[in-house]
Amino acid sequence: MTRQRQADLLLVLTTLIAACGWIFSREAISGMPVFAFLGLRFFGAALVLLPFCLRQRIPLAKLRQVLISGFWMALNLCLWIWSVSTTPSLGEGAFIMSLSMLFVPLVAWAMMNTRPARAYWECLPVAIIGLALLSLHTPITFHPSQGWFLLTAFVQSINFCYTSRCAREVPLLPMTAVQLAVTGIAGLLISALFEAWTQPFTATTGMWLVASIFIATSLRFALQLQGQKYAAVASAAIIMVLEPLLTVIAASLWYGERLPLQKIVGGVLILLAQIWFRWRMVARLPSTSKL
């Protein structure tokens, strides 16, 4: 098996673990406060990464920038876990969250004055139609969790852009450890201020928490880094789009969730828009000409 094929398989495994991570989180927060889970999960993952960061240091001049990136990640994940805790459908939420990569060009335009390519404007109407089909019901109703997921997707795009710019100047592994630690501390602070433990912490809840720390966070991160190191840009871009689809399958198998045809069509349109955009952008990489 070639190294590139191995890398592709690692990325597929990464997206599968990410999809299972939605299940792990949903199960864990059914037995413990939402933000307590968030804090323990991500602070625990930061501690797991810490031994691998000892030989890499963040320049003191860049520490403020890294902490700001940690703030954006913390805000992103606090919104995400709240959305997960309130949604009646994980699959629907995963499709809405996947829109974050289509928000990235707009955020990059505002933050870095990088005008979106023509391919972006070509695929955007498809994504908007997909979101409408996914979100609207007959008669027209709107669940609050859909708005939370949409806000989370937008904040995630800001986090992506800011982290991408920050990662050019500091080592990736310690930066990620700081981001995870900031997220964990934020979750624990919110929990201490606003949450109360109303039920005993069971072994089952502990199992889901441990799985979230070591599998859905630490292992996923390690596999993703290794896969991205050797995977072709085109295949990596497409494989990472699979997460919402795999989340729908996982939610269907675990919870028996069934999306109506209208929502399935909407989700597929969102995925097609992303694949179209990423494929067009990857196709442009060898050439310096603009569309």
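Just so we're clear, the structure is a prediction, and the values are computed from it rather than from any experiment. Numbering of residues starts from 1 in every chain and runs along the sequence as written. Whole-chain, interface and lining totals are the exception, using all residues; otherwise, since this is a predicted model, local features are given only for residues with pLDDT of at least 70 and side-chain atom pairs are given and counted only at 80 or more. Hydrogen atoms and water are omitted, and side-chain values are computed over all heavy atoms in the structure.

### A look at the pattern of salt bridges
- Salt bridges are defined by distance alone: a side-chain nitrogen of Lys or Arg within 4 Å of a carboxyl oxygen of Asp or Glu. The final tally for this structure, using the stated rule, is four salt bridges.
- The partner of E169 in a salt bridge is K62, with the nearest N and O atoms 2.9 Å apart. With E169 in the loop between helix 7 (144-167) and helix 8 (172-194) and K62 in the loop between helix 2 (34-49) and helix 3 (63-86), this pair connects stretches of sequence that are 107 residues apart.
- Given a relative accessible area of 26%, K62 falls into the partly exposed group.
- The residue E92 makes a salt bridge to K263 at a minimum N-O spacing of 2.7 Å. Placement of the pair is E92 in helix 4 (residues 90-97) and K263 in helix 12 (residues 261-284), with a sequence separation of 171 residues. This pair shows no difference in class: E92 is buried, exactly as K263 is. Numbered from the N terminus, helices here are DSSP runs of H or I no shorter than four residues, and strands are runs of E no shorter than two. Exposure classes here rest on a 1.4 Å probe applied to the protein chains alone. A residue is buried below 20% of its type maximum, exposed above 50%, and partly exposed in between.

### Regarding the side chain of T15
- Here T15 shows up in helix 1 (residues 3-29).
- For T15, the side chain forms a polar contact with the main-chain oxygen of V12, separated by 2.7 Å. We define a polar contact as two N or O atoms separated by no more than 3.5 Å, with the added condition that, inside protein, one atom must be a possible hydrogen donor and the other a possible acceptor, whereas residues neighbouring each other in sequence contribute only through side-chain atom pairs.

### Overview of the packing of helix 7 against helix 8
- Where helices are involved, their axes are fitted lines through C-alpha atoms of the stretch in contact, as for all axes, and angles between N-to-C directions lie from 0 to 180°. Interaxial distance between helix 7 and helix 8 falls to 10 Å at its minimum, and their mutual angle equals 140°. The angle between helix 7 and helix 8 places the two elements in the oblique class. Our pair here, helix 7 against helix 8, has a crossing hand that is right-handed. Of helix 8, the residues touching helix 7 (which contributes N159, T163, C166 and A167) are L172, M175 and Q179.
- Amino acids outside the nonpolar list (Ala, Val, Leu, Ile, Met, Phe, Trp, Tyr, Cys, Pro) and the charged list (Asp, Glu, Lys, Arg) are all regarded as polar, and Gly is one of them. In the contact of helix 7 with helix 8, the residues fall into four nonpolar, three polar and no charged. Geometric relationships in this document are graded by angle, where less than 35 degrees denotes roughly parallel, more than 145 denotes roughly antiparallel, 65 to 115 denotes roughly perpendicular, and other angles denote oblique. Here a crossing is taken to be left-handed if its near helix is turned anticlockwise relative to the far helix by less than a right angle, and right-handed if that turn runs clockwise. Note on contacts: a residue pair is in contact if any heavy atoms of the two residues lie within 4.5 Å.

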